[in-house]
Each structure stands twice: as structure tokens, then as C-alpha cells.
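Understanding the architecture of this molecule
Next come the chains, spelled out residue by residue.
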Amino acid sequence: MAATTQLTPLMSRLVMGGMASLVELQTQLTLEDAYALDEALLIKNYNSWVAQKSA
């Protein structure tokens, strides 16, 4: 597991959640893109939680 102590909380969530690589965040994605990915990760995690809760 990669150490993410030097990353912002947003970048850390996206990298650890598998939504983007650090290189993509630094070179290709805008802040708006990162926020959209963060929202998608939130929804993914919520849906996973709901599925586990109802199982």
C-alpha cells in the first residue's frame, strides 16, 4: 500500500480508491475532474455499504 501522507485528503481518497493515479492527478485532471471523481467514489462506497447492510 502506498504512503499518502504527503497528499491532500482529496488526492489520497482518489488514489487509494483506485479512481485516479497520482500522475493523472498531477498532469491530466483538473480540480473539477477530481471533484467529479470524488463524488463518484462517494456514491460507489455508499452503494457498497448499502449492499453489505442488506446482505
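This one's a predicted model, so the numbers in the text were calculated from it and none came from an experiment.

Before going further, it helps to examine the packing of aromatic side chains. Under the counting rule described, the total for this entry stands at one aromatic pair. Where Tyr-46 meets Trp-49, the ring centres are 5.7 Å apart and the plane angle is 40°; that geometry is what we call tilted. Taken together, the residues Tyr-46 and Trp-49, both in helix α3 (residues 31-54) and three residues apart, mark about one turn of the helix. With relative accessibility at 46%, the residue Trp-49 sits in the partly exposed group.

A rise of 1.5 Å per residue sets the reference length of α3, with its 24 residues, at 34 Å; its end C-alpha atoms lie 35 Å apart and thus fit the reference within 8%. In this structure, the buried side of α3 is in contact with α1 (9-16) and α2 (22-27).

Before going further, it helps to spend a moment on the side chain of Asp-38. Locating Asp-38 in the fold gives a position in helix α3. Once residues lying within four places of it in the same chain are set aside, the contact partners of Asp-38 are Leu-10, Arg-13 and Leu-14.

Attention now moves to the packing of α1 against α3. The axes of two packed helices give the description: the angle between them and the distance between them. As a packed pair, α1 and α3 sit with axes 10 Å apart at the nearest point and diverge in direction by 55°. With respect to their mutual orientation, α1 and α3 come out oblique. For the pair α1 and α3, the sense of crossing is left-handed. On α3, the residues touching Leu-10, Arg-13 and Leu-14 of α1 are Leu-31, Ala-34, Tyr-35, Leu-37, Asp-38 and Leu-41. Class assignment of the residues belonging to the contact of α1 with α3 gives a composition of seven nonpolar, no polar and two charged.

We now examine the pattern of salt bridges. Under the criterion given, the structure shown has one salt bridge. The partner of Arg-13 in a salt bridge is Asp-38, and the shortest N-O contact between them spans 2.9 Å. One end of the pair, Arg-13, is in helix α1; the other, Asp-38, is in helix α3, and 25 residues separate them in sequence. Asp-38 gets classed as buried once you look at its relative accessible area, which sits at 17%.

About the cut-offs
Residues numbered from 1 in each chain as written. Predicted model: local features only at pLDDT ≥ 70, side-chain atom pairs only at ≥ 80, totals over all residues. Heavy atoms only, no water. Phe/Tyr/Trp six-rings, centres within 6.5 Å; stacked < 30°, edge-to-face > 60°. Helix = DSSP H or I, 4+ residues; strand = E, 2+ residues; numbered from the N terminus. Buried < 20%, exposed > 50% of the residue type's maximum accessible area, 1.4 Å probe, protein only. Expected span 1.5 Å × (residues − 1). Contact = heavy atoms within 4.5 Å. Axes fitted to C-alpha atoms, helices over the stretch in contact; angles between N-to-C directions. Parallel < 35°, antiparallel > 145°, perpendicular 65-115°, else oblique. Left-handed = near helix turned anticlockwise from the far one by under 90°. Nonpolar A, V, L, I, M, F, W, Y, C, P; charged D, E, K, R; others polar. Salt bridge = Lys/Arg side-chain N within 4 Å of Asp/Glu carboxyl O.

Bear in mind that shape data such as this cannot, by itself, settle questions of function.
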